[in-house]
Amino acid sequence: MATLEHRGKTVHSIGELPPPGSPLPDFSRTGADLVDFGAEIAAGRKLVLNIFPSLDTRVCATSVRRFNELAAGLPDALVLCVSADLPMAQDRFCAAEGIANVVTGSSFRSSFGTDFGLTLIDGPMRGLLSRAVIVTDAAGMIRYTQQVANMSTEPDYQAALDALASLT
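Conventions used here
Residues numbered from 1 in each chain as written. Predicted model: local features only at pLDDT ≥ 70, side-chain atom pairs only at ≥ 80, totals over all residues. Heavy atoms only, no water. Helix = DSSP H or I, 4+ residues; strand = E, 2+ residues; numbered from the N terminus. Rg over C-alpha atoms; globule rule 2.2 N^0.38 Å. Buried < 20%, exposed > 50% of the residue type's maximum accessible area, 1.4 Å probe, protein only. Contact = heavy atoms within 4.5 Å. Areas by Shrake-Rupley, 256 points an atom, 1.4 Å probe, with all protein chains shown as cover. Lys, Arg positive; Asp, Glu negative; His and termini not counted. Charge placed at Lys NZ, Arg CZ, Asp CG, Glu CD. Core = buried A, V, L, I, M, F, W, Y, C linked by side-chain atoms within 4.5 Å. Polar contact = N/O pair within 3.5 Å; in protein donor to acceptor, adjacent residues only side chain to side chain.

Side note on the overall build of the protein chain
Counting its secondary structure elements, the protein chain contains four helices and nine strands. By the compact-globule yardstick of 15 Å for 168 residues, the protein chain fits well, its C-alpha radius of gyration being 14 Å. With respect to the principal axes defined by its C-alpha atoms, the protein chain has extents near 40 × 35 × 25 Å. Considering the protein chain as a whole, with its 168 residues, one finds that 52% of them fall into the buried category. Counted over contacts in the protein chain with a minimum sequence separation of 6, partners at least 24 positions apart contribute 67%. When the accessible surface of the protein chain is summed, it comes to about 7,600 Å², and 52% of that surface belongs to carbon and sulfur atoms. When the 13 basic and 18 acidic side-chain charges of the protein chain are each reduced to a single mean position, those positions are 5 Å apart.

Rendered as structure tokens:
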């Protein structure tokens, strides 16, 4: 269980992120077309998972915008933005914001949050995902993780980029 902060209060996730050096757990996300997909979407590229509670919050929306900007310069990597938002809401957000360089996936009908130790188990956002970033190499090995301790702050974009750059 990870101990996190949300608006000055202590909250907890159901577990811990898988550690660097371990294989990325199998997972299923649901796309805007309501078709489920997993890590195979990266097709042998490096993968960045930008995980967050909901696009309806300022920090979450900002992280998607920022990773969209960064992804434009990452031709050998795929950025997958994951939240519990419904796939149609994710698609509407991306269309309205001109987001075209990342892929979104919803955890709404999967065990993703449990499998990655990210489901919040208490506090006002219980049931949603905590904020985290996972970077894998092209073979699906986890090389970097960050579970953001204060959910009101953005992830460390530079650390994620540095982790990607180290994967030659």
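Structural notes on the nonpolar core
Val-64, Phe-67, Val-79, Val-102 and Val-135 are the most contacted members of the largest nonpolar core, which has 26 residues in total. Elements that contribute at least two residues to this core include exactly helix 1 (58-71), strand 6 (77-83), helix 2 (87-97), strand 8 (132-136) and helix 4 (157-165). Apart from the residues within four sequence positions on either side, Val-64 is in contact with Asn-50, Phe-52, Leu-55, Cys-81, Phe-93, Ile-99 and Val-102. In terms of nonpolar packing, the next biggest core, distinct from the first, is built from 18 residues, Leu-17, Leu-47, Ile-51 and Leu-80 among them.

Concerning the environment of Asp-156
Counting through the fold element by element, Asp-156 comes out in the loop between strand 9 (142-147) and helix 4. Between the C-alpha atoms of Asp-156 and Leu-74, which are 82 residues apart in sequence, the distance is 17 Å. Not counting residues up to four positions away in its chain, the partners in contact with Asp-156 are Tyr-144 and Gln-146. A polar side-chain atom of Asp-156 sits 3.0 Å from the main-chain amide nitrogen of Ala-159.

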